[in-house]
Every structure is written in C-alpha cells, then in structure tokens.
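# Observations on the three-dimensional arrangement
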Amino acid sequence: MAALLVFSLVKLEQKIRPVARVMAEYECKERAVRWMQSAVEDCLRDTPELLEDLYLLQYDSAGRVQSAEADASRLAQLQYMLESDLTRSMEEGAADFSVPLGTLLGLQIFSGRGPDVNVKVIPLSHVETRVETSFTSAGVNQTKLQTDLVFSVQLCAVLAGMQVETTAESTICVSQLLIVGQTPQFYVEGAA
C-alpha cells in the first residue's frame, strides 16, 4: 500500500514538474516586463526632462538638418535613472504568485481547481540596459532616427523544491526623430 502511494506521488510529480516549469518561466517573464514598463512609465512621468535634447542636430545655412547624433551624456543619464528606478522597483516588488494544483496536472477538467501552489519570483541580477539606435527610411528623402533602451534581468522562480531561472527583456522606445531632406523636383526611371 505504501509503495503504491509513493509510486503514485512520484508519477504525479513527474507529470506536474514540466508544466510547473513552463508556467513559472512564463509568469517570471510576464511580471518582469510589467515591472520594467511600470518603472519606466513612472520615471518618465516624474522626470520628463530626461527625454529632452537627446540628439545633437547640425543645420545647414538654409536651416535644414545636416546631421543628427545622440547626445551620449544625456542618454547615459537617462539609462542610469531608468536602470536605478527599475532595480529599486524589482527589489520592492519581488512577489509571490500561486497556481492551482489542478492547472499543473495538465487536465482540462481540473484546470483552475485545487489547492494553490505558491511560487516566489526573485531577481537574480541587477537590471542591464543597452541602447539601440536605428536609422530607417520613412519616405522620399525622409529618415527616421529611433533610440530604444533594451532592459534585461535574470529571474528565478522557486516552487516546491524546484528553481526555474529565466531572462526577461523589454524594449522601450525613448525617442524618435524624423529628418526630412530636400524633395527631388523630378524623378527619372532607370532604363532596363
């Protein structure tokens, strides 16, 4: 009888473990992205001046933009402030969530039922940020300059003797600039 009970519990755990791992990883990423977006939103709402003068523009004699480059010191300041706020937010917001045991069984009939299995989400590293700047065509003699901050953090979900480590990323556009060049007076189609 005891052997049958132990065998049943082992089989149950083998069935639950892969589902629990996937759910824990998904929840970690989802919570981290929510933390990132909320922290960035709060920081930019409280200090909108961080987004001012991110580009250094040079003009020609007619007042047209000749060149645009990101102001490295302003971007570094923005990056530092957002990283700090996000790290603080994640440390304060380290959270638990629970999943009904029936959901972990993977059977539709038990989904959302049964006692809750608690999962704790813990940040494993500080927030890392990288700046990505891109130039793309936006029409005839128009170029879009976009600057994104990509936030990345490693997280761990701890549940019932199992740890699931994952990395979450979120990309936030911090600035877009449309540079309009001179429109050609005529267009000649090339001969084939």
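As a starting point, this report considers the structure included with it. None of these values were measured; they are calculated from a predicted model.

## Comments concerning the overall build of the chain
- Tallying secondary structure elements over the chain gives three helices and seven strands in all.
- The N-to-C order of helical and strand elements in the chain reads α-β-β-α-β-α-β-β-β-β.
- As displayed, the chain has an accessible area near 12,200 Å², and 54% of this comes from carbon and sulfur atoms.

## Quick look at the nonpolar core
- With 31 residues, the main nonpolar core has Leu78, Leu82, Leu86, Met90, Phe151 and Leu155 as its most contacted residues.
- Secondary structure elements with two or more residues in this core: helix 1 (2-46), helix 2 (72-93), strand 4 (116-123), strand 6 (142-159) and strand 7 (162-180).
- If you tally residues by element for this core, the top one is helix 1, at 10 residues.
- Leu86 has contacts with Trp35, Met36, Ala39, Val127 and Phe151, leaving out every residue within four places of it along the chain.

## Brief notes about the pairing of strand 5 (residues 128-139)
- Pairing between strand 5 and strand 6: 11 bridges, direction antiparallel. Note that in strand 6 the partner of Ser134 across the bridge is Gln146.
- A loop of two residues connects strand 5 with strand 6, the two strands running antiparallel in sequence, and Asn141 in this loop sits at a positive phi of about 55°.

## What about the pattern of salt bridges?
- Inspection of the entire model under this criterion finds five salt bridges.
- The salt bridge partner of Arg34 is Glu30, with a shortest N-O separation of 2.5 Å. Of this pair, Arg34 and Glu30 both sit in helix 1, four residues apart, roughly one helical turn.
- Given a relative accessible area of 45%, Arg34 falls into the partly exposed group.
- When the shortest N-O distance is used, the salt bridge between Asp46 and Arg45 registers 3.8 Å.
- For Arg45, a relative accessible area of 52% puts it in the exposed group.

Scoring rules and cut-offs
Position labels on residues start from 1 in each chain and follow its written sequence. Only residues with pLDDT of at least 70 are given local features in this predicted model, and only at 80 or more are side-chain atom pairs given and counted; all residues enter the totals for whole chains, interfaces and linings. Calculation of side-chain values draws on the structure's entire complement of heavy atoms; hydrogens and water are dropped beforehand. Labels follow the DSSP assignment, with helices taken as runs of H or I lasting at least four residues and strands as runs of E lasting at least two, numbered in each case from the N terminus. Surface exposure here means Shrake-Rupley accessible area, sampled with a 1.4 Å probe, where a residue is shielded only by the protein chains that are shown. What makes a nonpolar core is a set of buried Ala, Val, Leu, Ile, Met, Phe, Trp, Tyr and Cys residues whose side-chain atoms join them at distances within 4.5 Å. Type-normalised accessible area, obtained with a 1.4 Å probe on protein chains alone, sets the label of each residue: buried when under 20%, exposed when over 50%, and partly exposed for intermediate values. Residues count as neighbours in contact if any of their non-hydrogen atoms are within 4.5 Å of one another. When DSSP finds at least two bridges between two strands, those strands are taken to pair. A carboxyl oxygen of Asp or Glu within 4 Å of a side-chain nitrogen of Lys or Arg is what we treat as a salt bridge.

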